[in-house]
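Here are the chains, one letter per residue:
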Amino acid sequence: MCLECGCDQPVPFGIKVLRFVAPGVLRAHTMPAPAATPAEPPVARKTFDLQVPLLAKNDQLAARNRANFRARRLLALNLVSSPGAGKTTLLARTLDEFGLQTKCAVVVGDLETDNDARRLARPHAPVAQITTGTACHLDAEMVARGVDTLDLAGVRVLFIENVGNLVCPASFDLGEELRVVLLSTTEGEDKPLKYPPIFKSAHVVLLTKVDVADALGFNRELAVENIRCMAPQARIIQVSARSGEGLAEWYALLRSRLSVP
Ligand SMILES: Nc1nc2c(ncn2[C@@H]2O[C@H](COP(=O)(O)OP(=O)(O)OP(=O)(O)O)[C@@H](O)[C@H]2O)c(=O)[nH]1
Ligand SMILES: [Mg+2]
């Protein structure tokens, strides 16, 4: 998949840490851009691809992230969806409610802007924005470097908001404990059938924006059936970050995973 679209190649990226100073006042600190590892020359890639597992380097770094998160007793979640499915809105409310009892941190990825980090910055939650430039996904190295910039004292939950994309993030393990795929009612019921890999890799699927399902003529039962078809392993929760529906179940899931060693 990523070989076809070329997104398995390293690209330069940026990291900005946002600290909450006072309501409406954030201090931004831009970290020096890490140098990208040079891409394999095309001739090497032709012979190399048959021998070495695709994305092997990312998998190694992801394993290191996972060990690091576990050693810190950090529950790491990778939130993946198409653009605009409601990742940041859900996280903002999660920080305001669940996050008051349980300290959380966020690493958020977008191609450009620190808009999402600004929306998520809270006095009680450290946030780092990764700007991926041209990359359509976060990778394990970006996450490791983003996490390194954060003060994780007392943090129990690390939310990683991936770049909005239902395709390539499926191939990039970030070292997360739980992969959470969001499907919103504005996208249509058929997306699990059209984008199987990401749904097949999900531990949890959140059906989001259910407050507007009826107005959109969205068939929740059919959507759940399609999710079950592609992701029988996944826990499905129907939520609205606006009305609050399903959020108690979402928070209960987070709490239950905190106690897993
Ligand atoms: N009605 C309704 N709208 C929502 C809900 N959650 C998010 N939205 C709206 O959906 C739009 C996109 O929400 P975001 O939270 O920015 O989505 P996102 O997945 O973070 O988007 P990207 O980071 O750009 O991929 C915004 O206009 C939100 O107000 C919800 O539960 N109900
Ligand atoms: Mg967002």
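In what follows, the accompanying structure is described. Given the structure is predicted, the values throughout are model-derived calculations rather than measurements.

## Some details on the packing of aromatic side chains
What describes a pair of aromatic rings is the distance from one ring centre to the other and the angle between the planes of the rings. The tally for this structure, following the rule as stated, stands at two aromatic pairs. Ring geometry for F98 versus Y251: centroids 5.9 Å apart, planes at 25 degrees, classification stacked. In this pair, F98 sits in helix 5 (residues 98–101) while Y251 sits in helix 12 (residues 247–258), placing the two residues 153 residues apart along the sequence. Here the two residues F98 and Y251 agree in accessibility, since each one is buried. Residues F159 and W250 carry aromatic rings whose centres are separated by 6.4 Å and whose planes lie at 35 degrees to one another, so their mutual orientation is tilted. Residue F159 is found in strand 6 (residues 157–161), and its partner W250 is found in helix 12; the two are separated by 91 residues along the sequence. Across this residue pair, the class does not change: F159 and W250 are buried.

## A few points about the coordination of the magnesium ion (ligand 2)
For the magnesium ion (ligand 2), the full set of protein donor atoms is T88 (OG1), D116 (OD) and E161 (OE), at a range of 2.0 to 2.1 Å. Mapped onto the sequence, the donors of the magnesium ion (ligand 2) take the spacing T-x27-D-x44-E. With D116 in helix 6 (residues 115–120) and E161 in strand 6, this pair connects stretches of sequence that are 45 residues apart. Both residues of the pair, D116 and E161, belong to the buried class.

## Points about the site of ligand 1
The environment of ligand 1 is formed by 18 residues, the closest being K87, T88, T89, R119 and D211. A distance of 2.8 Å separates an oxygen atom of ligand 1 from a polar side-chain atom of T88. At a separation of 3.0 Å, an oxygen atom of ligand 1 approaches a polar side-chain atom of E161. Mapped by element, the contributors of at least two residues to the shell around ligand 1 are helix 4 (87–96) and helix 6.

## Here's the deal with the packing of helix 3 (residues 56–71) against helix 7 (residues 140–148)
The contact between helix 3 and helix 7 brings their axes to 8 Å, and the two run at 35 degrees. Residue-level inspection shows K57, N58, L61, A62, N65 and F69 of helix 3 in contact with helix 7, the latter providing A140, E141, V143, A144 and V147. Broken down by class, the residue content of the contact of helix 3 with helix 7 amounts to seven nonpolar, two polar and two charged.

## So, helix 7
Buried within helix 7 are the following residues: A140, M142, V143, G146 and V147. Taken around the axis of helix 7, the buried residues stretch over an arc of 160 degrees, which confines them to a single face. The backbone nitrogen of E141 has a side-chain oxygen 3.1 Å away, supplied by the residue at the start of helix 7, namely D139.

## Describing the sheet that holds strand 5 (residues 127–131)
Taken together, the nine strands give an open sheet; going across it, the order is 2-1-5-4-6-3-7-8-9, and neighbouring strands pair in mixed fashion. Each edge of the sheet is formed by a strand with only one pairing partner; in this case those strands are strand 2 (25–31) and strand 9 (235–238). Here the average twist between neighbouring strands, direction ignored, is 20 degrees. Looking at chain direction, strand 4 (residues 104–110) and strand 6 are connected through five bridges and run parallel. Note that in strand 6 the partner of V108 across the bridge is E161. Sheet contacts for helix 4: strand 3 (75–80), strand 4, strand 6, strand 7 (178–184) and strand 8 (204–208); angle to strand 6, the most-contacted strand, approximately 160 degrees.

## A short note on the side chain of T102
Within the fold, T102 resides in the loop between helix 5 and strand 4. With near-sequence residues (within four places) excluded, T102 lies in contact with R156, V157 and L258.

## With respect to the pattern of salt bridges
Side chains that carry opposite charge are capable of pairing whenever their charged atoms lie near each other. Counted by the stated rule, this structure contains 13 salt bridges. Two residues, E177 and R70, come together in a salt bridge whose shortest N-O distance is 2.8 Å. Pair noted here: E177 is in the loop between strand 6 and strand 7 and R70 is in helix 3, with a separation of 107 residues, a long-range link. Where salt bridges share partners, they join K16, D114 and R118 into one cluster.

## Some details on the pairing of strand 5
With four of five residues buried, strand 5 is to be regarded as a mostly interior element. Where strand 1 (residues 14–22) lies against strand 5, five bridges are found, and the strand directions are antiparallel. In the strand pairing of strand 5, G14 is matched with T131. Bridge count between strand 4 and strand 5: five bridges; the pairing is parallel. Bridge pairing in strand 5 places V106 opposite V127.

About the criteria used
Residues numbered from 1 in each chain as written. Chains lettered and ligands numbered in written order. Predicted model: local features only at pLDDT ≥ 70, side-chain atom pairs only at ≥ 80, totals over all residues. Heavy atoms only, no water. Phe/Tyr/Trp six-rings, centres within 6.5 Å; stacked < 30°, edge-to-face > 60°. Helix = DSSP H or I, 4+ residues; strand = E, 2+ residues; numbered from the N terminus. Buried < 20%, exposed > 50% of the residue type's maximum accessible area, 1.4 Å probe, protein only. Donors = N, O, S within 2.8 Å, 3.2 Å for Na, K, Ca; no water. Near = heavy atom within 4 Å. Polar contact = N/O pair within 3.5 Å; in protein donor to acceptor, adjacent residues only side chain to side chain. Axes fitted to C-alpha atoms, helices over the stretch in contact; angles between N-to-C directions. Contact = heavy atoms within 4.5 Å. Nonpolar A, V, L, I, M, F, W, Y, C, P; charged D, E, K, R; others polar. Arc of directions from axis to C-beta. Pairing = 2+ DSSP bridges. Salt bridge = Lys/Arg side-chain N within 4 Å of Asp/Glu carboxyl O.

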